[in-house]
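The residues making up each chain are set out below.
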Amino acid sequence: MQTVRKENTLGRPAAWLKEFLQYMRKEYMLYLMILPGVLYIVIFKYLPMYGITIAFRDYKVSSSLFNAPWVGFDNFVNLFSRSAFIRALTNNIFISIYKLIFGFPFPIILSLLINEVRNSKVKKFVQTSVILPDFVSWIVIYGLMYAIFSPSSGAIKGLAEMLGHKGKIPNVLTQKETFKSVIVISHIWKSAGMGTIVYLAAISGIDQDLYEAAAIDGAGRWQQMWHVTLASLRSTIIVLLFFRVGQMMYAGFDQIFAISNDLVMSTADIIDTYVYRLGLEQRKFSIATAAGLFQSAIGMALVLITNYIARKVDPDSAIM
Amino acid sequence: MAKSGIKKRSVGDIISDWLIGIFLGLLVFTTIYPFWHILMYSISDSRASMTGGFFLLPRKPTLLAYQMLFKTKQIFIAYRNTTMKTFFGTLLSVFLSALTAYPLSLKRFRGRNFISMGIFFTMLFNGGIIPTYILLKDLRMLDTFWVYIIPGAMSAYNMFILRNYFQSIPSSLEESALLDGANAFQILFRIILPLSMPALAAIAMFYGIGNWNSYMDGVLYVNEQRLQLLQVYLRQLIGAAGAKGALGDAGDLGPASRLTEETMKMTVIAVSIIPVLIVYPFLQKYYTKGVMVGSIKG
């Protein structure tokens, strides 16, 4: 009895492996084809994940990934005792929340309004122009903002004169008090077009009969917009909302790196910019990696949680 | 909505039309005007434009700033680097994504779930800035051109877009080719890819725009001037360092004294956005399509 069982446990994987090797020999071209992609993912995505271990080591520039001494959670203790990190974390959360509250509804409202335009050429023109800012980098957008808001030579001067304002114009790009608004508004401005594409496509799929039925029931234009258009967008809105909540730990590295400066650092510094300064400028690799790991871990937890809730609310809207 | 046009429109309807029109008009203005402003400012006479305000037309048009800018070597170096990054980076990315997406699109390919999950996981969790930096340092890729095209060679998101598209192609086409004795590479390049042009165009455009606009890799991994990217050069010029300081390599700053720093900044920005503005009308169509292809769940 025992010998038979032994043979079985050993025999089964061997047979499986043999069969698999046979399959691989037959389809070796497919494996050859996917090899570069798999190598790429392993080297450039998974090796850095192994590199995360330096968050638990005392890594010096001279040491290698493998021989740096282990220090447990010391780097995390150190990290949370730094007021600059706490500040970056707080900024990160607030900027994300503001972007969500003010930025999320904007493309929805915009698509509803674009949908109300009757002239199809005008509609197309509006749609096309709002996508434009998505084609340029944040560096260029900083340049555009500079051109508009520079107090000495910007277009803002013309606007102030038109409105009868006299005296000095504040520089919103270097002013702490208003900088979070600059971040949020410029984010809305750049990403509005991308959002409207998805919503407008969903709107174009709405059954026209629903509008006629609503009109017969006496629904006016704004009521139709609310009860038909917006109601039909419900599941699209839920999917995108959960997606955005899952991205809360990422407050916009590209953007803030490009548009912020030392004068507004106390209000604009987020985890990514903090990691960049601590790690690559001050060369505190281990502590910076700990900050990055904290961010990715919370970020992944958020994605998994929102996905779980999404599946409960509406099974079609879950991404996994 | 068009059907209700036959009916007589109420006063309320007309007022809402006006409100919507004004709102959208203002929005379009705030989107387009900044680009226009930069272009007009860059061809205006520095002294006339010093006072700021709106630039619906150039003031005393001159190309002096462009002449000054093109005297510097660095703008050409930066332009060349970004163009090369965009061209080779996009080519490599599309190629690698297609090679990876095709086997994953086949039901008979064993290991597809395992590999797909492995790639999907990289969308949820990543090593972060510092471990990636250390890896690239250990691979001796810092301060080389490779660092622009290889570490970002494949986006999992774009690869899945392509895989989904491949899956939508009827498998009968592939089966008949298999019977004719075609191998996997022949099927991919002769049958699948020619049928996937809309998806390929969309992801090529995503990669292309991404490459043209990327600057974090230029900031994080490259110090050498000869490898500087256009966006990084732009950041240096419009940033704190100032345009004239960075333009110092032009040597003779004689005529530059008639130019203000502002005009130089606007000119550099203009030079970096003009190519984008030229291709934009052609690309935005694909962009819309690409976002649509991508929003189909994978």
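These numbers come from a predicted model, not from an experiment. (Residues numbered from 1 in each chain as written. Chains lettered and ligands numbered in written order. Predicted model: local features only at pLDDT ≥ 70, side-chain atom pairs only at ≥ 80, totals over all residues. Heavy atoms only, no water.)

Asker: Could you give me a rundown of the confidence of the model for chain A, with the residues and numbers involved?
Answerer: With 94% of its residues at a pLDDT of at least 70, chain A reaches an overall mean of 86. Segment residues 1–7 of chain A: pLDDT under 50, and zero contacts once partners within four positions in sequence are set aside and those in other chains are kept. (pLDDT = per-residue confidence, 0-100. Contact = heavy atoms within 4.5 Å.)

Asker: Please give an account of the packing of aromatic side chains that cites residues and values.
Answerer: Each aromatic ring pair is specified by the distance between its two centres and by the angle formed by the two planes. One pass over the structure, following the stated rule, counts 32 aromatic pairs over all chains. For the pair Tyr98(A) and Phe102(A), a centre-to-centre distance of 6.5 Å together with 45° between the ring planes defines the contact as tilted. You can see Tyr98(A) and its partner Phe102(A) sitting in helix H4 (residues 83–103), four residues apart, about one turn around the helix. Using a relative accessible area of 31% as the deciding quantity, one classes Tyr98(A) as partly exposed. The exposure class of Phe102(A) is exposed, given its relative accessible area of 51%. Chaining the aromatic ring pairs together yields one cluster made of Trp16(A), Phe20(A), Tyr23(A), Tyr31(A) and Phe109(B). The aromatic ring of Trp70(A) is capped on one face by Arg57(A), whose charged end is 4.0 Å from the ring centroid. The lysine or arginine in question, Arg59(B), covers the ring of Phe55(B), its NZ or CZ lying 3.9 Å from the ring centre. (Phe/Tyr/Trp six-rings, centres within 6.5 Å; stacked < 30°, edge-to-face > 60°. Helix = DSSP H or I, 4+ residues; strand = E, 2+ residues; numbered from the N terminus. Buried < 20%, exposed > 50% of the residue type's maximum accessible area, 1.4 Å probe, protein only. Lys NZ or Arg CZ within 6 Å of the ring centre and 35° of its normal.)

Asker: Describe the interface of chain B and chain A, with residues and values.
Answerer: Listed per partner, the contact involves 92 residues of chain B and 99 residues of chain A. Summing the contributions of chain B and of chain A, the shared interface buries around 8800 Å²; its carbon and sulfur component is 73%. For the interface between chain B and chain A, the tally reads five salt bridges. A salt bridge links Arg118(A) to Asp17(B); its shortest N-O distance comes to 3.0 Å. Counting across the chain B and chain A interface gives 25 residue pairs in polar contact (both at pLDDT 80 or more). Top contributing element to the side of chain B that touches chain A by residue count: helix H1 (residues 11–42) of chain B, with 17 residues. Looking at the side of chain B that touches chain A residue by residue, the class counts come to 60 nonpolar, 21 polar and 11 charged. (Buried area = accessible area lost by both parts, 1.4 Å probe. Salt bridge = Lys/Arg side-chain N within 4 Å of Asp/Glu carboxyl O. Polar contact = N/O pair within 3.5 Å; in protein donor to acceptor, adjacent residues only side chain to side chain. Nonpolar A, V, L, I, M, F, W, Y, C, P; charged D, E, K, R; others polar.)

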